[in-house]
Amino acid sequence: MEGARSFMTSTVDPQAVGRRAAEILDLVRCCEDYERLEGSSLQYPDCWATFTGYPIIARWDLARDAAALFEEGLRVLCLKAAVYELSGGDETAAELVVSAPVDEMVHAILAQYTLCVRMTRRLGMTFVHMTDRERFGYRTGGYTHDCYLAAGWGEPNPRYWIDGQETARRLEILDRRYASIGIRDAGRRHDIDFDRQVA
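A brief report on the enclosed structure follows. These numbers were taken from a predicted model, which means no experiment stands behind them.

**What to know about the pattern of salt bridges**
Side-chain pairs of opposite charge can arise whenever the charged atoms involved come near each other. In total, this model carries 14 salt bridges according to the counting rule given. The partner of R64 in a salt bridge is D65, with the nearest N and O atoms 3.8 Å apart. A residue is classified by how much of its surface remains accessible, and D65, at 1% relative accessible area, is buried. Here the residues in one salt-bridge network are R29, E71, E72 and R75, joined through shared partners.

Structure follows, in structure tokens:
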């Protein structure tokens, strides 16, 4: 759960983070590469998606959900960039706790590596994301939620911002469904033999 380990996110004022994140988001949207970043990120799920990120969204539909998730993923990157800047470059503090589907879209955006590097250099800021700093267990009312609200974006969309306990419940359901067709360990292994035809 958020706050279970001694991370430094609470040392950066959520109001300051929110204000700066909103400014960064405006800068990103005005950047000449923004439209390409959005279009490329929305194509990415066709190339790769996990079994445990987007699928925990009820009645997930890429065509319907991708644009809204792109917005959430970009907001998260701006929040992280704000924490990173305001904390004097503290990478651990900047690795905010987010919902699994939103985190998956963050990966899709960052997969547009060339564009992200060019944009962040041009704008003088840093997109932060490191797997060894990543934490799960997002919860409404936690630090990330406070920063999001302070940015003036309203309440995070509960369709995508799924609390840690509900995420665990949905993952159990998915795991049982996956197992019924031979997919094990949340997609990390399977029993499918491609030399045999499956009806």
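Now that the structure has been shown, we can carry on.
**Focus on the packing of helix α2 (residues 34-43) against helix α5 (residues 100-110)**
Running from N to C, α2 and α5 cross one another at 120°; their axes reach a closest spacing of 8 Å. When the axis of α2 is compared with that of α5, the two are oblique. Between α2 and α5 lies a crossing of right-handed hand. Here L37, S41 and L42 of α2 lie close against α5, whose contacting residues are M105, A108 and I109. Residue composition of the contact of α2 with α5, by class: five nonpolar, one polar and no charged.

**Remarks on the environment of G89**
With respect to the secondary-structure elements, G89 resides in the loop between α3 (62-86) and α4 (91-94). A relative accessible area of 33% means that G89 is categorised as partly exposed. For the pair G89 and T126, spaced 37 residues apart in sequence, the C-alpha to C-alpha distance is 9.2 Å.

Quick notes on the rules
Residues numbered from 1 in each chain as written. Predicted model: local features only at pLDDT ≥ 70, side-chain atom pairs only at ≥ 80, totals over all residues. Heavy atoms only, no water. Salt bridge = Lys/Arg side-chain N within 4 Å of Asp/Glu carboxyl O. Buried < 20%, exposed > 50% of the residue type's maximum accessible area, 1.4 Å probe, protein only. Axes fitted to C-alpha atoms, helices over the stretch in contact; angles between N-to-C directions. Helix = DSSP H or I, 4+ residues; strand = E, 2+ residues; numbered from the N terminus. Parallel < 35°, antiparallel > 145°, perpendicular 65-115°, else oblique. Left-handed = near helix turned anticlockwise from the far one by under 90°. Contact = heavy atoms within 4.5 Å. Nonpolar A, V, L, I, M, F, W, Y, C, P; charged D, E, K, R; others polar.

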